[in-house]
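Structural description and commentary
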Amino acid sequence: METKDPTTLAAWKDLTTMAAGFHLDLRKAFAADPARAENLSFAAADLHVDLSKNLITGAVFEKLLELSAQAGVRDLSEAMFNGEHINNTENRAVLHTALRAPAGTQLMVDGKDVIAEVHEVLRRIYDFADSVRDGSWVGVSSKRIQTVVNIGIGGSDLGPYMAYEALRPFVKPGLECRFVSNIDPTDISEKTRDLDPETTLFIIASKTFTTLETITNAKAARAWLLRGLQERGVIDETDAAAKDAISKHFVAVSTALEKVAAFGIDPRNAFGFWNWVGGRYSVDSAVGTSLAVAIGREGFEEFLAGFRAIDEHFRNTPPASNVPLLMGLLNVWYSNFLHAQTHAVLPYSQYLHRFPAYLQQLTMESNGKRVRRDGTLVSYDTGEVFWGEPGTNGQHAFYQLIHQGTRLIPVDFIAFARPTWDLTDSETGKRQHELFLGNFFAQSAALAFGKTPDEVRAEGTPEELVAHRTFPGDRPSTSIMAPALTPKVLGELIALYEMITLVQGAVWGIDSFDQWGVELGKAMAINLGPAISGDAEALAQADASTRELLEYYFAHK
């Protein structure tokens, strides 16, 4: 596809002019337009999205939509849905949307019906999940599985771990999932030390079955399992016994069947996915097998339906009310024209405590690029630094900076009308969820409207403290609400940010679907292996700083 330098587009130039000296007084904006909240609130599937507290005027709104059209956002998104190779540096299609396409539809890519393939893998995953959940899949001692340990890294960990934590109320009683990603031996040691090897099942998630961290942890898990079973007298130390145990306690998410078999896993228990699925877009693929086991076939189907609902909204809704498009364009407005550097995502749900970390990979691995699709250097900021913590915890940590600091930090608040646990204060009789939501509603209002010096004085504040207790307001935020946090709604939230990420990358003219930036450090870590093991020649070839650090390590290990 044609690569455009967005700074040459007429709308970009107009937005640059509009941003010079731009300031929007949100109090005045709401006073001047009583319908502002209504006009800037939108529905996307089950999500209610209020954009009214953003630093946006009608003129800026229209110009951003012009920028989208001139940058070819719709053309790129249609090319993605149609299976064109929009990941040009790897010459691949980008088809995470096919992972949730309904059965019976057809999409031919590179001579194959990818949707038929997706549903065949889903059928096998569901059959496996059913067998674990109903107890027909048993370990080597014929005990049913009680704990599933997912071993992966990056998207093979962040996605299923986040989703499992978010959907804990939907997990089958008596079944637990744990997640291992870090090559630090602490991770797998802590995750397995209180487990029963007879009732533990490992899922090894690595497309190539060569990912260093994942395979290292998989080997440690295999050793832990065999050692534990042998100590209990469940199996002897023969190769045949080990092979039988591994086949009953390990499955794989991988397409490298020879490597899977060499590890000891029956290739029939390997669930594949495709090179058109990036790791950070893969939670709704076989990478989500642990989640399918946890919440079951029906729950996972709901999860996929949520993704699909946002896909259809994004593809079919007119630009002026297209929520992912508008949110993506707002992020461009803040990043490139108002020079915001970070973006906070603050879920008012403890179950979503891993959602900001998940979004960090989704957005920053996708759009942290310094060249356009044609390899030319960009001359403008790309990517945002996404971060956040659940409310109300964050209110007692970093909200100070957002409210009264010098930096512009756009915020996305997320909350749900119905609680999972509806507790009532025994003394006041008030519902705890209402107290919780009171903070959600208040924080976005406080950011937007602040507190003036006169309002502070009217409270009897001494003059020398007025400046300290003044809140300038005009701090932008988006509020996202849904009836409840369900599998479907979680799918909608993930897909919403997937499409926001696409919109930003399309405007910036970058390839949002490769991730070459993760390769160099991994390769260097492998090359340093001999030096770390004490090879003098390899040590001599390292840079001076690395040699000094290694010398410290040798002296203190």
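Rules used in this analysis
- Residues numbered from 1 in each chain as written.
- Predicted model: local features only at pLDDT ≥ 70, side-chain atom pairs only at ≥ 80, totals over all residues.
- Heavy atoms only, no water.
- UniProt positions renumbered as here; feature names shortened; annotations may be inferred.
- Helix = DSSP H or I, 4+ residues; strand = E, 2+ residues; numbered from the N terminus.
- Buried < 20%, exposed > 50% of the residue type's maximum accessible area, 1.4 Å probe, protein only.
- Contact = heavy atoms within 4.5 Å.
- Domains from an automatic or database assignment.
- Buried area = accessible area lost by both parts, 1.4 Å probe.
- Salt bridge = Lys/Arg side-chain N within 4 Å of Asp/Glu carboxyl O.
- Nonpolar A, V, L, I, M, F, W, Y, C, P; charged D, E, K, R; others polar.
- Pairing = 2+ DSSP bridges.
- Axes fitted to C-alpha atoms, helices over the stretch in contact; angles between N-to-C directions.

Moving on: the UniProt feature "active site" (unreviewed entry) in the protein chain. Residues given the UniProt feature "active site" (unreviewed entry) here are Glu365, His396 and Lys522. Annotated residues spanning 158 residues; largest pairwise C-alpha distance 36.7 Å, indicating distribution over more than one region. Mapped onto the elements of the fold, His396 is located in the loop between β11 (385-387) and α15 (399-404). Of note, Lys522 is situated in helix α20 (residues 519-527).

With that out of the way, let us pick up unusual backbone geometry. With an omega of 10°, the peptide bond between Gly391 and Thr392 qualifies as cis. Its place among the elements puts Thr392 in the loop between β11 and α15. Residue Ser142 is not a glycine yet carries a positive backbone phi of 70°. For Ser142, the position within the fold is in the loop between α6 (114-133) and β5 (147-151). Its relative accessible area of 56% is what places Ser142 among the exposed residues. Positioned with a positive phi, Phe209 is a non-glycine residue whose angle comes to about 55°. The exposure class assigned to Phe209 is buried, which follows from its relative accessible area of 5%.

Checked against the element boundaries, Ser52 lands in the loop between β2 (47-50) and α4 (58-71). Beyond its immediate chain neighbours, meaning those up to four positions away, Ser52 contacts Leu26, Phe30, Arg36, Ala37 and Leu40.

This paragraph deals with the environment of Ala320. Position of Ala320 relative to the elements: it lies in the loop between α12 (289-316) and α13 (323-337). Sequence-wise, Ala320 and Pro390 are 70 residues apart; in three dimensions their C-alpha atoms are separated by 30 Å. In contact with Ala320, other than residues within four places in its own chain, are Phe42, Phe61, Leu65 and Leu326.

So, about the domain arrangement of the protein chain. You can read the domains of the protein chain as domain 1 (6-71 + 317-508), domain 2 (96-297) and domain 3 (517-555). Computed over C-alpha atoms only, the centres of domain 1 and domain 2 are separated by 36 Å. Together, the buried faces of domain 1 and domain 2 total about 1,800 Å²; carbon and sulfur atoms form 67% of this surface. Contact with domain 2 buries area across many residues of domain 1, yet Tyr351, Arg354 and Tyr358 alone supply 30% of it, more than any other trio. Taken together, the connections running from domain 1 to domain 2 amount to 2 salt bridges. For Arg100, the salt bridge is made with Glu498, and the minimal N-O distance between the two is 2.7 Å. For the side of domain 1 that touches domain 2, the secondary structure elements donating two or more residues are α14 (355-367) and α19 (487-508). Broken down by class, the residue content of the side of domain 1 that touches domain 2 amounts to 12 nonpolar, 6 polar and 3 charged.

Another point: the sheet that holds strand β10 (residues 342-347). Judged by pairing direction, the sheet is mixed, and its 6 strands sit side by side in the order β1-β2-β13-β12-β10-β11 without closing on themselves. Two strands lie at the open edges of the sheet, namely β1 (41-44) and β11, each paired on one side alone. Each strand axis lies, on average, 20° off the axis of its neighbour in the sheet, ignoring direction. Here 6 bridges tie strand β12 (residues 411-416) to strand β13 (residues 477-482), and the two strands are oriented parallel to one another. The partner of Asp412 across the bridge, within β13, is Thr478. Across the sheet, helix α16 (residues 432-449) lies against β12 and β13, angled at about 155° from β12, the strand it touches most.

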